[in-house]
Amino acid sequence: MNSPDGRSQRWAGHREQRRAQLTAAAIEAIRAQGPDIGMEAIAAAAGVSKPVLYRYFADKSELWQAVGQETAASLLAAIGPAVSRVRAERDVVAAAIDAYLAYIEGDPHVYRFVVHPSGIERGPDVVGDVVDTVSSGLARLLGDRLRSIGLDSGPALPWAYGIVGYVQTVGDWWLRTQQPISRPALSDYLTTFLWGGIAGVNRAADFPDEWAVRK
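Values in this document were obtained by computation on a predicted structure and should not be read as measured data.

Q: I keep staring at the layout of surface pockets and nothing clicks. Help me out?
A: Unfilled space is identified by rolling a water-sized probe across the atoms. Estimated volume of the largest pocket: approximately 640 Å³. Leu75, Ile79, Tyr100, Val130 and Val134 are the residues nearest the centre of the largest pocket, which is lined by 33 residues in total. Elements supplying a minimum of two residues to the lining of the largest pocket: helix H4 (60–84), helix H5 (89–106), helix H6 (108–115), helix H7 (126–148) and helix H8 (156–176). With 9 residues, the single largest contributor to the lining of the largest pocket is H7. Of the residues contributing to the lining of the largest pocket, the split by class is 26 nonpolar, 6 polar and 1 charged.

As structure tokens, then:
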């Protein structure tokens, strides 16, 4: 005879699988119908009734969270390989910027659904989680670079957050204004603007009292 715990585990596994399927269906519906899509239209696109959809997502906010988590994973999966193909630090920043812009350019409706939700009471900050993850990885790179030239790596984390926040803000403007600049040009502009920080840090090496590594 099956134990209650065994049945509970199977049900939990089935529920997670079904939620994943419905989340994928919701993403396809958002792509097809736009970021302001309602739960009824999402349910219809998923081939279920709205009450069935609400069995797996208590409200649109919970579905937004699931879509956001899936989008975050997809974004990081796009940035990772792009960055891994290059070695020079400037090229790493350039690859990360271009991968991010390519991602939002290719999936603008889902981007807007996640970043600018309509009629949703936001719970956990999915966007903030993505920013934290990407910024932490970039901070490791910048910290290594600062240490390699004998400087304090303390500024690496705020510097990384500044880069990520800047690119996110500019990318948002770029989509809202129907991409008035080509993606390659914008990627190059942003890389040039942001990588200038390294030049400033290098110049600061002449002022050890301000930037030198603290013993």
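Moving on, there is more to tell.
Q: Just checking my understanding: could you explain the pattern of salt bridges for this structure?
A: With the rule as written, the count across this model stands at 7 salt bridges. For Arg183, the salt bridge goes to Asp98, with nearest N and O atoms at 3.1 Å. Residue Arg183 is located in helix H9 (residues 183–204), and its partner Asp98 is located in helix H5; the two are separated by 85 residues in the primary sequence. You can call Asp98 partly exposed: its relative accessible area is 24%. In this structure, the salt-bridge partner of Asp172 is Arg176, at a minimum N-O distance of 3.1 Å.

Q: Is there a simple way to explain the nonpolar core in this structure?
A: One broad rule of soluble globular proteins: the nonpolar side chains tend to lie buried together. With 59 residues, the main nonpolar core has Leu53, Val67, Leu101 and Ile104 as its most contacted residues. Considering each element in turn, this core owes the most residues, 9 residues, to H8. Not counting residues up to four positions away in its chain, the partners in contact with Leu101 are Gly171, Trp174, Arg183, Leu186, Ser187 and Leu190.

Q: For this particular structure, what's the right way to read the packing of H4 against H7?
A: The packing of two helices is summarised by the inter-axis angle and the distance between the axes. The interhelical angle for the contact between H4 and H7, taken along N-to-C directions, is 20°, at an axis separation of 9 Å. For the element pair H4 / H7, the angle class is roughly parallel. Judged by the twist between their axes, the crossing of H4 over H7 is right-handed. Contact residues: Trp64, Gln65, Gly68, Gln69, Ala72, Leu75 and Leu76 in H4; Val126, Val130, Thr133 and Val134 in H7. Residues of the contact of H4 with H7, tallied by class, amount to 7 nonpolar, 4 polar and no charged.

Q: What is the right way to read H4 from this model?
A: Counting along an α-helix, one turn takes 3.6 residues, and residues three or four places apart therefore face a common direction. Between its first and last C-alpha atoms H4 spans 36 Å; for 25 residues at 1.5 Å apiece the expected length is 36 Å, and the two agree. Of all the residues in H4, the buried ones are Lys60, Ser61, Leu63, Trp64, Ala66, Val67, Gly68, Thr71, Ala72, Leu75, Ile79 and Ala82. In this structure Asp59 caps H4, since a side-chain oxygen of it lies 3.2 Å from the backbone nitrogen of Ser61.

Q: What should I look at first to understand the packing of aromatic side chains in this one?
A: Summed over the entire model, instances satisfying the criterion amount to 1 aromatic pair. Pairing Tyr189 with Phe193 gives two aromatic rings, centres 6.5 Å apart and planes at 20°, and the pair type is stacked. You can see Tyr189 and its partner Phe193 sitting in helix H9, 4 residues apart, about one turn around the helix. The exposure class of Phe193 is exposed, given its relative accessible area of 54%.

Q: Sorry, what's going on with the confidence of the model for the protein here?
A: Close reading of the predicted structure is inappropriate where its pLDDT is low. Per-residue confidence for the protein gives a mean pLDDT of 85; residues scoring 70 or more make up 87%. Averaged pLDDT values over the elements of the protein bottom out at 46 in helix H10 (residues 208–211) and peak at 96 in helix H2 (residues 39–46). Confidence drops under a pLDDT of 50 for residues 208–215, and excluding neighbours within four residues, the segment shows 13 contacts in the predicted structure.

How each quantity is defined
Residues numbered from 1 in each chain as written. Predicted model: local features only at pLDDT ≥ 70, side-chain atom pairs only at ≥ 80, totals over all residues. Heavy atoms only, no water. 1 Å grid on protein atoms, 1.4 Å probe; cavity = no way out; pocket = protein on both sides within 12 Å on 5 of 7 lines; lining within 4 Å. Points joined across faces, edges and corners; volume = space filled by probe spheres on them. Helix = DSSP H or I, 4+ residues; strand = E, 2+ residues; numbered from the N terminus. Nonpolar A, V, L, I, M, F, W, Y, C, P; charged D, E, K, R; others polar. Salt bridge = Lys/Arg side-chain N within 4 Å of Asp/Glu carboxyl O. Buried < 20%, exposed > 50% of the residue type's maximum accessible area, 1.4 Å probe, protein only. Core = buried A, V, L, I, M, F, W, Y, C linked by side-chain atoms within 4.5 Å. Contact = heavy atoms within 4.5 Å. Axes fitted to C-alpha atoms, helices over the stretch in contact; angles between N-to-C directions. Parallel < 35°, antiparallel > 145°, perpendicular 65-115°, else oblique. Left-handed = near helix turned anticlockwise from the far one by under 90°. Expected span 1.5 Å × (residues − 1). Polar contact = N/O pair within 3.5 Å; in protein donor to acceptor, adjacent residues only side chain to side chain. Phe/Tyr/Trp six-rings, centres within 6.5 Å; stacked < 30°, edge-to-face > 60°. pLDDT = per-residue confidence, 0-100.

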